[in-house]
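Spelled out from the first residue to the last, the chains are:
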Amino acid sequence: MLHVILYAIVPIIVVMSVGFIAGKKGAFSGGDAKAFNKVVLDFALPAALFVSIVDADRQMLVDDLKLTIISLVVIMACFMLVYWIYKYGFRKQGVTQADAAIMALVNGSPTIGFLGFAVLEPIFGTNAYVALVVAIVGIVVNAVGIPVGLSLMNAGNAEAAAARNGGKKPNPWVPVINALKQPVAWAPILAVVWVVAGIPWPKWASPSFDLIKGANASLAVFAAGVTLSSIKIDVNWQAVLGVLLKLIMMPLALLVVGIIFKMSPQNLAMLVVAGALPPAFSGIIIADEYDSYVATSTSSLAVSIIAFMVACPLWIWITEAAVHMFYGPTVGIGLIG
């Protein structure tokens, strides 16, 4: 776990802190952070999502259908639950449908693309099972969660605009179409179609994406730090609730459902840790790009990253205890070391 903290979590805190300090010293402004996020959202992140998904294969998706179905159902159920909690629970506090969609994109999605391998490999080793979990959860988060979140956000913005102008409610399909026009939405969907179609991805093509893909995580985290420096950090009840929903509700739901349907212990443990990962940086990027719920969502992300240092080993211990209880005292979860 020390390796996980030093090699996965501390670098995020360091880079975010550098961005925060740079913003406070005036080297970059909130406007610069928006420009950074536009590069990430429209170019670096779509490239990273596309290449990471097409590197999978169709057989990988069907090898463990149970893992695929549980990941899809549980993660998207948590995603929608976060959305409904913020949409209806904080309506009187001024939280809009678009704000609720942002919190779903943030605290209803694990940052599997940024931290999946960095966290899972030091714990479970470098093997095909880790790649399978990262690929499947990545497809759920990026090819399903992002388009759904963007559609909900666009629908909320359209309804709010119609209400302000006294016009009729917009066509519900317009926000969906607008969401699918954005590279961060159609790139992972295209990659999934590519994989399902069984078209082999040429290995020589991947390096062409590496330069722009490499800017994804580092620039996103740096921009989050700059954004934090330009806003009033708002660690309120809404932000704290997001942390609790992300670090407790999602891994707990994955653990319970996984045990009910008798997932293999190793896949179960990896899926629980994946569900306990900090919130998705892509949600913060989208929040800043559309200037929606930025302070609360970014504050929630910052608190979650620190809290993950405690949550990760705790969920490993809970999962191991649950496996011993329901699978037998001699069954392990495949930890290395």
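So, how was this worked out
- Residues numbered from 1 in each chain as written.
- Predicted model: local features only at pLDDT ≥ 70, side-chain atom pairs only at ≥ 80, totals over all residues.
- Heavy atoms only, no water.
- Salt bridge = Lys/Arg side-chain N within 4 Å of Asp/Glu carboxyl O.
- Helix = DSSP H or I, 4+ residues; strand = E, 2+ residues; numbered from the N terminus.
- Buried < 20%, exposed > 50% of the residue type's maximum accessible area, 1.4 Å probe, protein only.
- pLDDT = per-residue confidence, 0-100.
- Contact = heavy atoms within 4.5 Å.
- Axes fitted to C-alpha atoms, helices over the stretch in contact; angles between N-to-C directions.
- Parallel < 35°, antiparallel > 145°, perpendicular 65-115°, else oblique.
- Left-handed = near helix turned anticlockwise from the far one by under 90°.
- Nonpolar A, V, L, I, M, F, W, Y, C, P; charged D, E, K, R; others polar.
- Core = buried A, V, L, I, M, F, W, Y, C linked by side-chain atoms within 4.5 Å.

Trainee: Can you tell me about the pattern of salt bridges, naming the residues and giving the values?
Mentor: Per the stated rule, a full pass over the model turns up one salt bridge. The partner of K38 in a salt bridge is D42, with the nearest N and O atoms 3.1 Å apart. Separated by four residues within a single helix, K38 and D42 lie in helix α2 (residues 30-54), roughly one turn from each other. On the basis of relative accessible area, K38 is assigned to the partly exposed category, the value being 41%.

Trainee: Go over the confidence of the model for the protein with me, naming the residues and quoting the values.
Mentor: Mean pLDDT for the protein: 83, with 89% of residues reaching 70 or above. Mean pLDDT across the elements of the protein bottoms out in helix α8 (residues 173-180) (66) and peaks in helix α11 (residues 237-260) (95).

Trainee: I'd like to hear about the side chain of S292, residue by residue, with values.
Mentor: Inspection of the secondary structure assignment puts S292 in the loop between α13 (281-290) and α14 (294-327). Look at S292 and you get buried, because its relative accessible area is 8%. Those residues in contact with S292 that lie beyond four places of it in its chain are A98, D99, I102 and A287.

Trainee: Describe the packing of α2 against helix α9 (residues 183-197), and please don't skip the residues or the numbers.
Mentor: Where α2 meets α9, the axes come as close as 8 Å, and the angle between the chain directions of the two elements is 15 degrees. With respect to α9, the axis of α2 lies roughly parallel. When the axes of α2 and α9 are compared, the crossing they make is right-handed. Counting all contacts with α2, which are made through L41, D42, L45, P46, L49, F50, I53 and V54, the residues of α9 involved are P183, V184, A187, P188, L190, A191, V192, W194 and V195. Partitioning the contact of α2 with α9 into residue classes produces 16 nonpolar, no polar and one charged.

Trainee: Residues and numbers for the nonpolar core, please.
Mentor: Of all hydrophobic cores here, the largest spans 96 residues; its most connected members are Y86, I102, V119, L120, F124 and V273. For this core, the element with the highest residue contribution is helix α7 (residues 128-165), accounting for twelve residues. Setting aside residues no more than four positions away along its own chain, L120 makes contact with G125, V130, V133, V134, M270, V273 and A274. Among the nonpolar cores identified, the runner-up in size contains ten residues, and F50, I139, A191 and W201 belong to it.

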